Every structure is written in C-alpha cells, then in structure tokens.
Amino acid sequence: QVQLVESGGGLVQPGGSLRLSCAASGSGFSINTMGWYRQIPGKQRELVAAITSSGSTNYADSVKARFTISRDNAKNTGFLQMNSLKPEDTAVYYCHANIGFKIGYYEYWGQGTQVTVSS
C-alpha cells in the first residue's frame, strides 16, 4: 500500500515563499509522473505543475517563473517551491503520483495541504 504524505503548507504574506513536500511511503513501486494540483471551494481541481521520472516539467501559465517542481527519486519525494506568492494562489494543494507496480500503474493522491496567501 502506498501513501502520499504532504507537508509544508501554511499562511504566508503576499510576495512570500513556501515549499511543499510529498513523500511516497511503501515499497515495491516506481513513480512515473508526480504533480501538484490545487483546488478552491466550488471550483475544479487544476494542475499546477508536473514532473516526469526523467525530469521533464510543465507548469500552469499562472505559476510559470514563480513555482518550481522537483523530485528526489532516491527518496520517492516530490517538492513544489512557491515564490512570489499571490492571494490568488490560496487553495488546498494536492500531491498526485502515477505509481507503477509489477501488475500495472495506479493513481494516488495526497490528503491535501492548505496554502493561504494573505496580509
């Protein structure tokens, strides 16, 4: 059984920074793509950034040049460095991973971490 455990959310002032982490626990798997999504009440969950196992990345236009996604494959951990935060970045952020086992690939989600950008 694999679990994605997120950490690093919180309250920050506009212009500030936060770093989110997502650690995959368990054994006997490999992680294909990892990503971060965010959701505000009443709206659909949206992709923020994603990174493949080889390190290729893509970002939502709204966060380009401000957010950086990375991963440590040896530790099965992903990161989202968020700089120059804006009030409109306020949301619950979810980690997502496409994880492979001998029998196939499956989708996993973290529990979500609140990010609030406010003065």
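A short tour of the structure in this document, coming up.

Calculation criteria
Residues numbered from 1 in each chain as written. Predicted model: local features only at pLDDT ≥ 70, side-chain atom pairs only at ≥ 80, totals over all residues. Heavy atoms only, no water. Pairing = 2+ DSSP bridges. Helix = DSSP H or I, 4+ residues; strand = E, 2+ residues; numbered from the N terminus. Axes fitted to C-alpha atoms, helices over the stretch in contact; angles between N-to-C directions. Contact = heavy atoms within 4.5 Å. Salt bridge = Lys/Arg side-chain N within 4 Å of Asp/Glu carboxyl O. Buried < 20%, exposed > 50% of the residue type's maximum accessible area, 1.4 Å probe, protein only. Core = buried A, V, L, I, M, F, W, Y, C linked by side-chain atoms within 4.5 Å.

### Quick notes on the sheet that holds strand β1 (residues 3–7)
Each strand in a sheet pairs with another by means of backbone hydrogen bonds, the pair being arranged parallel or else antiparallel. The four strands are arranged β1-β3-β8-β7 in an open sheet whose pairing can be described as antiparallel. Lying at the two open borders of the sheet, with one neighbouring strand each, are β1 and β7 (67–72). Ignoring which end each strand starts from, the neighbouring axes of this sheet average 15 degrees apart. The pairing of strand β3 (residues 18–25) with strand β8 (residues 77–82) spans six bridges and is antiparallel. In the sheet register, L20 faces β8, and the bridge partner there is L80.

### Topic: the pairing of strand β4 (residues 30–39)
The side chains of a regular strand alternate, residue by residue, between the two faces of the sheet. Note that β4 and strand β9 (residues 91–101) share eight bridges and pair antiparallel. Looking at β9, one finds that R38 is bridged to Y93. Note: β4 against strand β5 (residues 46–51), five bridges, orientation antiparallel. Bridged to M34 within β5 is I51.

### A closer look at the side chain of H96
Here H96 is to be found in strand β9. Once residues lying within four places of it in the same chain are set aside, the contact partners of H96 are L4, T33, M34, G35, Y37, E107, Y108 and W109.

### A short note on the pattern of salt bridges
Evaluated as defined, the whole model comprises four salt bridges. With its nearest N and O atoms 2.7 Å apart, the salt bridge here joins E46 to R38. For E46, a relative accessible area of 37% gives the class partly exposed. Looking at R38, the relative accessible area reads 8%, which means it is buried. The salt bridge involving D61 is made with K64; its shortest N-O contact spans 3.1 Å. Each of the salt bridges in this network shares a partner with another, and the network as a whole consists of R38, E46, R66 and D89.

### Some points on the nonpolar core
With 29 residues, the main nonpolar core has L80, M82 and Y93 as its most contacted residues. Mapped onto this core, the elements with two or more residues apiece are β3, β4, β5, β7, β8, β9 and β11 (113–117). Residue contributions to this core peak at five residues, all from β9. Apart from the residues lying within four places of it in its own chain, the contact partners of M82 are G16, S17, L18, L20, R66, F67, Y93 and V115.

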